[in-house]
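Structural overview
What follows is the residue order along each chain.
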Amino acid sequence: MARRRMVQEAPDERDRLMDVEEVAEYLNLHLMTVYRMLQSGVLPARKVGGRWRINKQELDAWLETHTGGTRKQVLVVDDDPEIGRLFKKALQPERCTVDFVTSGEEALKLVSEKTYDLIFLDLLLPDMDGARTFAQIRKIDPDANVVLVTAFPDSELVSKAMKHGAVSLLIKPVPVAEIRKLARSVHKRAPRISRHGH
């Protein structure tokens, strides 16, 4: 029995069942508003043991359909998975979808496929430094909103990268309040018309 409970507590993140409080925080809505939406059948949900449960994957699909995909798209580029977790947690209440990659190469691939509203870019990456990655991002998406992240604000790399027109510079350890403030400050961008005609 205990083993089964453990398995239920660690399902795939997308298949996770959320409770009403989590949904309210995720959608940045008042708790009573979420209850009303559930009772009127607006949100995809089911009752488990008399309590509302919402599948995260179904909720995300509902958001895309019903909000015209109004969630802000954020890319976090850092070689430390802990930083990725910190940003995802910080931006969850801000109606952001967060993609996390650990190298400049992966970042460039995603930026060429998708329009991000905000990019948090660490300057020390395993494959190419953040200044070089930033220069390449600018070539793909000249209007990208890029925030540089570093533990070494006085390094030469910072001044090199800042030349490409960063929105801001965050010093590690990164304050959660600052991450949220930056996410709120950028506007949702219309998707770029790619050269492939998508």
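Heads up: these notes are all about the structure in this document.

Our next topic: the sheet that holds strand 3 (residues 51-55). One open sheet accounts for three strands, arranged 1-3-2; its pairing is antiparallel. Each end of this open sheet is capped by a strand with a single partner; those strands are strand 1 (17-18) and strand 2 (46-48). In this sheet, strand 3 lies alongside strand 1 in antiparallel orientation, the contact comprising two bridges. Across the sheet, M18 pairs through a bridge with I54, a residue of strand 3.

The next subject is the sheet that holds strand 7 (residues 146-150). Pairing within the open sheet is parallel, and its five strands lie in the order 5-4-6-7-8. Looking at strand neighbours, the two that pair on one side only are strand 5 (96-101) and strand 8 (168-171), the edges of this open sheet. Neighbour-to-neighbour, the strand axes of this sheet turn through a mean angle of 20°, independent of strand direction. Taken together, the four bridges between strand 7 and strand 8 define a ladder with parallel strand orientation.

So, about unusual backbone geometry. Residue P173 is reached from K172 by a cis peptide bond, and omega for that bond is -5°. Looking at the secondary structure, you find P173 in the loop between strand 8 and helix 9 (176-185). Despite not being glycine, R95 has its phi angle at roughly 55°, a positive value. Note on placement: R95 falls in the loop between helix 5 (81-91) and strand 5.

Our next topic: the pairing of strand 5. Relative to strand 5, strand 4 (residues 72-77) is paired through six bridges, and the arrangement is parallel. Residue V76 lies in a different strand from strand 5, and its bridge partner there is F100. In terms of handedness, the path from strand 4 via helix 5 over to strand 5 forms a crossover that is right-handed.

On to the pattern of salt bridges, then. Applying the stated criterion across every chain, the model contains ten salt bridges. With its nearest N and O atoms 2.9 Å apart, the salt bridge here joins R184 to E94. Placement of R184 in helix 9 and of E94 in the loop between helix 5 and strand 5 is noted, with a sequence separation of 90 residues between them. Judged by its relative accessible area of 54%, R184 is exposed. Overlapping salt bridges, with partners in common, bring together D78, D122 and K172 in one network.

Another aspect to go through is the packing of aromatic side chains. The geometry of an aromatic ring pair is captured by the separation of the ring centres together with the interplanar angle, meaning the angle of the planes. All told, the structure shown has one aromatic pair when counted by the stated rule. Taking 4.7 Å as the distance between ring centres and 50° as the angle between the ring planes, the aromatic pair formed by F87 and F120 counts as tilted. Placement of the pair is F87 in helix 5 and F120 in strand 6 (residues 118-122), with a sequence separation of 33 residues. By relative accessible area, F87 is classed as buried at 1%. Above the plane of the ring of Y26 lies R71, whose end atom (NZ or CZ) is 4.5 Å from the centre.

The rules behind these values
- Residues numbered from 1 in each chain as written.
- Predicted model: local features only at pLDDT ≥ 70, side-chain atom pairs only at ≥ 80, totals over all residues.
- Heavy atoms only, no water.
- Pairing = 2+ DSSP bridges.
- Helix = DSSP H or I, 4+ residues; strand = E, 2+ residues; numbered from the N terminus.
- Axes fitted to C-alpha atoms, helices over the stretch in contact; angles between N-to-C directions.
- Right-handed = clockwise from strand over helix to strand, strands pointing away.
- Salt bridge = Lys/Arg side-chain N within 4 Å of Asp/Glu carboxyl O.
- Buried < 20%, exposed > 50% of the residue type's maximum accessible area, 1.4 Å probe, protein only.
- Phe/Tyr/Trp six-rings, centres within 6.5 Å; stacked < 30°, edge-to-face > 60°.
- Lys NZ or Arg CZ within 6 Å of the ring centre and 35° of its normal.

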